[in-house]
Structure formats: structure tokens, C-alpha cells
Amino acid sequence: MVAFGVTAALAVMLNRSTTTPTALTASASQPPGAPGCPPSALAVRLADGAGGVAGYPVDFTNQSGQACALRGYPSVAAYDLRAEGYVQVGAPARADPRAAPRPVVLRPGGTAHATVTSAPAAAPACHRVPVTGLRVIPPGTSTPDYLRVRFSACSVAGPAAPPGLNVQAVQPGPGPVAVTAPASNAR
């Protein structure tokens, strides 16, 4: 019985297509039940050359030896580094509903991304100030990563504050590379 199981598993492995990317696939092609990605498994950073008109693509790379899943929107806010530590500036980013959230399974070494953009409607209604970067909390976790990138953000906070930033749902693959100067990352 054990020999039959091993032979069947080997036959399935040998008949798989080699054109499927090994680092990342959507959950539909993964075995069901991939666990959520714990903070210790993820490297969170800005995509190379991030910034400018296209926004700030934030990459989530699985550094563990096990597949894990991300789904939904990361929690994002602008921050400023002050003597008292990391201080949020303005309201948190609002979810951009143009791309529906879907599970993205990251195999070891796989990358997914979510793009953060400035909300154009906020410009006339808020006071823009320079900030140190973005605080990013991956979906399903509570551990923040602080990514350094200089830009100006809306400083108005509170429930009635205009949206200063928008964030897209996590999507498969690394974020698009922009053609502006690269930003430095900080933890």
C-alpha cells in the first residue's frame, strides 16, 4: 500500500508541466489550505525604483521554506520619524476597490505586491507635509514594517479627513518598476 502511494505521488510529480512559475501562483493552482503568511516569513520593501506618478508598489516576498497566502489589503499610513519614534501622519490609506481582493499563494521566494497611491481628491482639502515614509502592515498580520521614501502626505487625520493615500489589494508578482530615483528602505 505504501509503495503504491509513493509510486502514484512520483507519477504525478513527473507529469506536471514545467511552465508554471515556481515562485508564485494564484491559490487556484495551489493545494487548498495554505496558511496565512506570518510576519517572520515576509520581507516587505518598496519595489526597485518605486515612486512618482505610478505610486509606490510595496513587495511582499516569502522568505520561509513553506508556501503561505496573502489576501486583501495591507494597512498603510504615512509616517514621520521623530524623537518620540514613528508617528503616523494623516489618515490611514483607504482601500482602492478597482482590483478585487483574491488569495495569492506565495511559494518560497515568491513575491506579491500592493500599490499605494496619493488620492488626487485630497490635494485641495488637506495640508501637505513632508514625511519619512510608509508604515505597512501585511494583510492578516499586526506587525508593521517602516519603508523609507520621502514624499508629501496629507496631514489631516480623523474620521472626516480626506483620503490622502489609497492602497490596492495584494496582487501576484512583484510591483511594477518605476523610472524615478530609487528609495531607501528602513525597518
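Nothing here was measured: the structure is a model prediction, and the numbers come from that model.

Colleague: What am I meant to see in the pattern of salt bridges here?
Modeller: Pairs may arise between side chains of opposite charge once their charged atoms sit close together. Scanning all chains against the criterion turns up two salt bridges. Note that arginine 82 and aspartate 80 form a salt bridge whose closest N and O atoms lie 3.3 Å from each other. Here arginine 98 makes a salt bridge to aspartate 96, at a shortest N to O gap of 2.7 Å. A relative accessible area of 71% places arginine 98 in the exposed class.

Colleague: Just to check I follow, could you spell out the sheet that holds strand S5 (residues 75-82) for this structure?
Modeller: The strands that make up a sheet pair up through hydrogen bonds in the backbone, lying either parallel or antiparallel. With antiparallel pairing, the four strands of this open sheet are ordered in space as S6-S5-S10-S11. Sheet topology places strand S6 (85-89) and strand S11 (145-154) at the edges, where each strand pairs with a single neighbour. In this sheet, adjacent strand axes meet at a mean angle of 45° when their direction is disregarded. With five bridges connecting them, S5 and S6 associate as antiparallel partners. By the bridge assignment for S6, leucine 81 is matched with tyrosine 86.

Colleague: Before we go on, may I ask you to explain the packing of aromatic side chains in this structure?
Modeller: Where two aromatic rings form a pair, the distance of their centres and the angle of their planes describe that pair. The tally for this structure, following the rule as stated, stands at four aromatic pairs. Residues tyrosine 79 and tyrosine 86 carry aromatic rings whose centres are separated by 5.2 Å and whose planes lie at 80° to one another, so their mutual orientation is edge-to-face. We classify tyrosine 79 as buried; its relative accessible area is 1%. Taken together through their ring pairs, the aromatic side chains of Tyr79, Tyr86 and Tyr146 make up a single cluster.

Colleague: Looking at this structure, I do not really get the state of the cysteines. What am I missing?
Modeller: Each disulfide is one covalent bond, formed between the sulfur atoms of two cysteines. Within this structure, the stated rule accounts for one disulfide. Shown here is the disulfide that connects cysteine 37 with cysteine 68, its sulfur atoms set 2.1 Å apart. Taking the sign of the torsion about the S-S bond as the criterion, the disulfide between cysteine 37 and cysteine 68, at about 90°, is right-handed. Placement of the pair is cysteine 37 in the loop between strand S1 (24-26) and strand S2 (42-46) and cysteine 68 in strand S4 (residues 68-70), with a sequence separation of 31 residues. When its relative accessible area of 2% is taken as the criterion, cysteine 68 is described as buried.

Colleague: How should I be thinking about the nonpolar core in this particular structure?
Modeller: Across soluble globular proteins, nonpolar side chains show a tendency to be buried alongside one another. By size, the foremost hydrophobic cluster in this structure holds 28 residues, and its most contacted members are Val58, Phe60, Val116, Leu134, Val136 and Phe151. Among the elements that take part in this core, S11 stands out by supplying four residues, more than any other. If near-sequence neighbours (up to four positions away) are discounted, valine 58 is found in contact with Val44, Arg45, Leu46, Ala112, His113, Ala114, Val116, Val136 and Leu147.

Colleague: What is the right way to look at the environment of tyrosine 146 in this model?
Modeller: Looking at the secondary structure, you find tyrosine 146 in strand S11. Here the alpha-carbon distance between tyrosine 146 and alanine 78, two residues 68 residues apart in the chain, equals 9.4 Å.

Colleague: Just to check I follow, could you spell out the pairing of strand S10 (residues 128-137) for this structure?
Modeller: A regular strand places its side chains on the two faces of the sheet in alternate fashion. With seven of ten residues buried, S10 lies mostly within the body of the structure. For S5 and S10, the ladder comprises five bridges, and the chain directions are antiparallel. Bridge assignment links tyrosine 79 to a residue of S10, and that residue is glycine 133. Here S10 runs beside S11; their pairing, made up of eight bridges, is antiparallel. Looking across to S11, one finds that arginine 135 is bridged to tyrosine 146.

Thresholds, definitions, all that
- Residues numbered from 1 in each chain as written.
- Predicted model: local features only at pLDDT ≥ 70, side-chain atom pairs only at ≥ 80, totals over all residues.
- Heavy atoms only, no water.
- Salt bridge = Lys/Arg side-chain N within 4 Å of Asp/Glu carboxyl O.
- Buried < 20%, exposed > 50% of the residue type's maximum accessible area, 1.4 Å probe, protein only.
- Pairing = 2+ DSSP bridges.
- Helix = DSSP H or I, 4+ residues; strand = E, 2+ residues; numbered from the N terminus.
- Axes fitted to C-alpha atoms, helices over the stretch in contact; angles between N-to-C directions.
- Phe/Tyr/Trp six-rings, centres within 6.5 Å; stacked < 30°, edge-to-face > 60°.
- Disulfide = S-S within 2.5 Å.
- Core = buried A, V, L, I, M, F, W, Y, C linked by side-chain atoms within 4.5 Å.
- Contact = heavy atoms within 4.5 Å.

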